[in-house]
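Geometric and topological summary
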Amino acid sequence: MTTATEHAIGLAVPQQRHGISAMLHDSWVIAKRNLRRMTRIPEIVVFGLMQPVMFVLLFSYVMGGAIQIPGTTASANSYTQFLMAGIFAQTVTFAVAGASAGIAEDMTKGLVDRFRSLPMTRSAVLVGRTLADLVQTAFTLLVLAIVALIVGWRIHEGFPKALAAFGLLLLLGYSFSWIGALIGLSVRSPEAATSAGLIWLFPLTFISNAFVPVSSMPGWLQAVAYWNPFSATVQACRDLFGNQVGPVSGGWPMDNAILLSVLWSLAIMAFFSWLSVRKYRSAIG
């Protein structure tokens, strides 16, 4: 609130704006700040690209000839077609670590306290951060798709369906970035945020249909894998890319993978964005 002295000397004290338009504007300002930081520190993008590219090369050339998909003969090319949807999905979800570490760093360095003193919507800090991560993830997917084409991966269902598949991947990645935001707000250091952002992802991604057929797993684990949100997006992308190799089983989750992928992503986004904004507001008072 302005004082009589401030009015007397002609100071204009900005007031915090409200509403969706204000939130979107403030979020875009924060997103641009994070994107500029990525361009000034290109190592963030370069090292973020190295891991998924290494996964593609190692799985395709080292393990591809040894893993047989039911209904096919063991070959590196058939496994590459099966593999790439899983690598794409793994890449977008592993971006959680960057989101959690970035928010934890902003919290520990006091940057969020500076934001709090500005007339901006409180949720904009988190929305802006996750939007910047989404842009970086999209760039990573583009580079990874080029590498995949080089090693023999192909799209068989046309460009529009391929765009829809990448849209599902980005939706999954954006929903998971809100989990990263919550982790970043809940730990005390960027190092802890990186570890906490990755450790739970390994069972999620490997107990799925991403790297091996679910039919090779124990019976009790197959149900978990089929209903895994990660599996739904992987199967949806295989359907849209035309990369399904061998027969598909799993009942309703795999028969309706596109619908289930969207539902899972929207549910995760709604729940964890609500928790993250609530945590952020309690953290800054």
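Small disclaimer: the values here were computed from a predicted structure and weren't measured.

**Overview of the confidence of the model for the chain**
Looking at the chain as a whole, the pLDDT averages 82, with 85% of positions reaching at least 70. Across the chain, the secondary-structure element scoring lowest on mean pLDDT is helix H1 (residues 4-9), at 37, and the one scoring highest is helix H12 (residues 229-241), at 95. Every residue in residues 1-15 is under pLDDT 50, and counting partners more than four places away or in other chains gives eight contacts.

**Some words on the nonpolar core**
Among the nonpolar cores identified, the biggest contains 43 residues, and Tyr 79, Phe 88, Trp 153, Phe 166, Leu 169, Phe 176 and Phe 241 are the most heavily contacted of them. Contributing elements (two or more residues each) for this core: helix H3 (43-63), helix H4 (76-94), helix H7 (124-150), helix H8 (159-186), helix H10 (201-206), H12 and helix H14 (257-284). Sequence-distant contacts of Phe 88, that is, excluding residues within four places in its chain, are made with Leu 141, Leu 144, Ala 145, Ala 148, Trp 153, Phe 166, Leu 169 and Phe 241.

**A look at the packing of helix H5 (residues 96-108) against H8**
Where H5 contacts H8, the two axes come as close as 7 Å, and the packing angle between them is 35°. The handedness of the crossing between H5 and H8 is right-handed. Across from Val 96, Ala 99, Ser 100, Ile 103, Ala 104 and Met 107 in H5, the residues of H8 making contact are Phe 176, Ser 177, Gly 180, Ala 181, Ile 183, Gly 184 and Leu 185. Class assignment of the residues belonging to the contact of H5 with H8 gives a composition of nine nonpolar, four polar and no charged.

**Observations concerning the side chain of Ser 177**
Along the chain, Ser 177 falls in helix H8. Setting aside anything within four residues of it in sequence, one finds Ser 177 in contact with Val 96, Ala 99 and Thr 130.

**Overview of empty space enclosed by the protein**
Tallying each qualifying case throughout the model produces two cavities of 30 Å³ or more. Taken as a whole, the second largest cavity encloses approximately 30 Å³ of empty space. Lining of the second largest cavity is provided by Ala 95, Asp 133, Leu 134, Thr 137, Gly 173, Tyr 174 and Ser 177. For the lining of the second largest cavity, the secondary-structure elements that each account for two or more residues are H7 and H8. In terms of residue class, the lining of the second largest cavity is made up of three nonpolar, three polar and one charged.

Rules and cut-offs
- Residues numbered from 1 in each chain as written.
- Predicted model: local features only at pLDDT ≥ 70, side-chain atom pairs only at ≥ 80, totals over all residues.
- Heavy atoms only, no water.
- pLDDT = per-residue confidence, 0-100.
- Helix = DSSP H or I, 4+ residues; strand = E, 2+ residues; numbered from the N terminus.
- Contact = heavy atoms within 4.5 Å.
- Core = buried A, V, L, I, M, F, W, Y, C linked by side-chain atoms within 4.5 Å.
- Buried < 20%, exposed > 50% of the residue type's maximum accessible area, 1.4 Å probe, protein only.
- Axes fitted to C-alpha atoms, helices over the stretch in contact; angles between N-to-C directions.
- Left-handed = near helix turned anticlockwise from the far one by under 90°.
- Nonpolar A, V, L, I, M, F, W, Y, C, P; charged D, E, K, R; others polar.
- 1 Å grid on protein atoms, 1.4 Å probe; cavity = no way out; pocket = protein on both sides within 12 Å on 5 of 7 lines; lining within 4 Å.
- Points joined across faces, edges and corners; volume = space filled by probe spheres on them.

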